[in-house]
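Secondary and tertiary structure notes
Given next are the chains, with one letter for each unit.
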Amino acid sequence: MSETTSTTTKDVKSLSPAEAEAELARLAELLNKANAAYHQADAPEMDDADYDALKRRNAAIESAFPDLKRSDSPSDQVGAAPSETFSKIRHAVRMLSLGNAFDAEDVAEFDRSVRSYLGREDGLTYTAEPKIDGLSLSLRYENGKLIQAATRGDGETGENVTANARTIEDIPENLQGAPEVLEVRGEVYMSHDDFAALNERQEAAGAKRFANPRNAAAGSLRQLDSEITRARPLRFFAYAWGELSAPLAETQYDAIQRLETLGFSTNPLTARCDGTEALLAHYVQIEQKRATLGYDIDGVVYKVNDLALQARLGFRSTTPRWAIAHKFPAELAWTRLEKIEIQVGRTGALSPVARLTPVTVGGVVVSNATLHNEDYIAGRDAKGGRIREGKDIREGDWVQVYRAGDVIPKIADVDLSKRPEEATPYSFPTTCPECGSPAIREEGDAVRRCTGGLICPAQAVEKLKHFVSRAAFDIEGLGAKQVEAFYGDDQLPVKEPADIFTLRQRDAEAFTKLANRDGWGETSAKNLFEAIDEKREIALSRLIFGLGIRHVGEVAAQDLARHYTSWEAMAQALDAARPAALAHRKADEAAEAERAAAAEEGRRAKLAEARAAVAGDVPPEAAEAWADLIGTDGIGPTLALSLSDAFANPDERAAMDRLLPQLTPLPPEARATGSPVAGKTVVFTGTLEKMTRAEAKARAEALGAKVSGSVSAKTDLLVAGPGAGSKAKKAADLGVETIDEDGWLSLIGDA
Ligand code: IVH
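Residues numbered from 1 in each chain as written. Predicted model: local features only at pLDDT ≥ 70, side-chain atom pairs only at ≥ 80, totals over all residues. Heavy atoms only, no water.

**Let's talk about the pattern of salt bridges**
Applying the stated rule across the entire model yields 49 salt bridges. The shortest N-O distance in the salt bridge between Arg235 and Asp194 comes to 3.4 Å. Placement of Arg235 in strand 8 (residues 235-244) and of Asp194 in helix 5 (residues 192-204) is noted, with a sequence separation of 41 residues between them. What makes Arg235 partly exposed here is its relative accessible area of 33%. Here Asp194 falls in the buried class, since its relative accessible area comes to 19%. Salt-bridge contacts for Asp489 lead to Arg517; the nearest nitrogen and oxygen are separated by 2.6 Å. With a gap of 28 residues between them, Asp489 in the loop between helix 13 (480-487) and helix 14 (497-506) and Arg517 in the loop between helix 15 (510-515) and helix 16 (522-534) connect regions that are remote in the sequence. (Salt bridge = Lys/Arg side-chain N within 4 Å of Asp/Glu carboxyl O. Helix = DSSP H or I, 4+ residues; strand = E, 2+ residues; numbered from the N terminus. Buried < 20%, exposed > 50% of the residue type's maximum accessible area, 1.4 Å probe, protein only.)

Structure, rendered in structure tokens:
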């Protein structure tokens, strides 16, 4: 082709539509091939600069000829910078998130809970500083040298972005006078000015604009080519730390000062505040400065100043007890609600979703919002009270949308003056839109649920998506999208979790079929089968969580795994407890009926009696297994009943029985080695004088002990303070070792 007729070099503006179409086809082929080579074969065929140039050209042509954009456009291919290509780093100390406060009452509650945990009447000193809206990064220094930078990831494992972090000016390569091991944590962000300039450059290059500075910062940090990161003006504020070989200071405030002295940028609006009033005053100050800071913040973070107290307070499963984020009020926008659609979740819940005319709320384009449930649409709360002054929500309505932080957008209000005349009240379906089974609402439940169980394709697919999700089996290359494709695939169907693990043995041709599928190839098929095999050994807690049983979240699954330590033990215990579970439910129902009757007759007595009467019919082993289950820390009767129902449901149990032979569930690791109480089941009773009950329990758990609420044959140790009653007696009857608080403190080495 001669230079003058070649479309490959021609300026985009001078292309004819026909030439543009041909050029888009050529670029799609080249880029899609390069993508496949890059992701699936680990053998990039094109260098990054050429790849980027072609991609920009493709985007420029698409923006000049929007009608010619192809359905397989490389602009829509996700994974241009796939996370799989960064190596993984396990954080030495987990990277946590923060609990939220939304108003002064929440802040007061935070302060109360901190003081009650510590058993302190007097006021505490806190620090308050802006919550930067960026992404967190952990920097590891050894002997004063930066050796590693990792993103937060799931909190336990992040991505190795060391080369990229080195390009950020605020991040020093060398430190003078730092502890031998120092992990500095903070936020990577982009200033408003830099963000605007970057978007101009993107636009000029025909590349995608970023929706907000946080997305731009995240996209820039997670570049495979660190030269691209270098060209992006990222900044970093240090505000926390991970592993340390020596403490930085005695207080949070001084530790931040120390980081500043070591050469990090720290936020100038960090203050020390005595008590909640001072915190709230600083919040107002920061909020007033928000618009002129030049970077995005989305709230103010409060932290207990005394680091020894921080250590005593410790962590819940994912958040520290000693800190909280006081968020700024949500951002609002008005738009049209075009349609109400119903989504069916993994537990059969029918969730109404508002499809909106897209609108920008706080820098993000929103086109969907949750409508919660049918009462919410009708303008009622769970107790039958009015919300939005009783205004219902209809298709066609003009609605106010809000977003608070990362949470799903919600609808705050309806403008009745703009309601179209033809709008009619929304009638919530009473059959499942996916499988046609009746959708029923149980007494006291705000949610209507499809009764189709696993015959409902929506429930089955959602259960599978949950099964492969990050906190469950987390199979690389098998995400929500792939699971959906497999579910609907006649050639290689995956209808339930067991099918994932039997894919290859069920069909000798599985590999070839997969490799020939669109978007797959030999390498990606091989990788998938390997990734599946890797997860045959799985933590028991992930397995329990992955089953997607209602009410059984990640933390409860960990509690159950710690309690039972094996799948067999748990299944046997649940089978044994079943008669007691049924009796419990019957007793609850009887008590409810009794309550209603008693209320009618003006007698409120007999509640407990009804329960006791039914509970009396149960075989002792069942009663014991049930008491043991609901006595497990973190496991209440609602969760226990739901778990019991799942194991007693023949279809669900059969699916578990097909899955288990494919797996080797691993017992939970003993959390703390070396402590004499690790792995022991401990019960606290009576009054504790040197610590609160909450602190005692958290401390015991941190040392690897299980804390139970009731004494049984499985109890290893009873810690009894003054006033201990029936539990001490039962322990004596069972021959369980009993010690006092001082005995406990010296046992765990805190005396
Ligand atoms: S402290 C153990 N301080 O907010 C808690 N976090 O919602 C460590 N963040 O993941 C976090 N500004 O990415 C802390 N001044 C600040 C922060 C901050 C922003 C982010 C951080 C964290 C998230 C939690």
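**Focus: the sheet that holds strand 23 (residues 717-720)**
Spatial ordering of the open sheet is given by 22-21-23-24, a layout of four strands whose pairing is parallel. Edge positions in the open sheet fall to strand 22 (706-708) and strand 24 (737-739), since each of these has one partner strand only. Along the sheet, successive strands turn relative to each other by an average axial angle of 30°, direction set aside. For strand 21 (residues 681-685) and strand 23, the ladder comprises four bridges, and the chain directions are parallel. Bridging from a neighbouring strand, Val682 pairs with Leu717 of strand 23. Relative to the sheet, helix 24 (residues 693-702) contacts strand 21 and strand 22, its axis offset from that of strand 21 by approximately 170°. Contacts from helix 25 (residues 726-734) reach strand 21, strand 23 and strand 24, with the element oriented near 145° to strand 23. (Pairing = 2+ DSSP bridges. Axes fitted to C-alpha atoms, helices over the stretch in contact; angles between N-to-C directions. Contact = heavy atoms within 4.5 Å.)

**Points about the sheet that holds strand 3 (residues 125-132)**
Pairing is mixed in the open sheet, where five strands are placed in the order 2-11-10-3-9. Of all the strands in the sheet, just strand 2 (100-101) and strand 9 (271-274) have a single pairing partner and so form its edges. The pairing of strand 3 with strand 10 (residues 297-304) spans seven bridges and is antiparallel. Counterpart to Ala128 in the pairing with strand 10 is Tyr302. Sheet contacts for helix 8 (residues 252-262): strand 3, strand 9 and strand 10; angle to strand 9, the most-contacted strand, approximately 175°. Across the face of the sheet, helix 9 (residues 275-289) comes into contact with strand 3, strand 9, strand 10 and strand 11 (323-327) while running at roughly 140° to strand 9.

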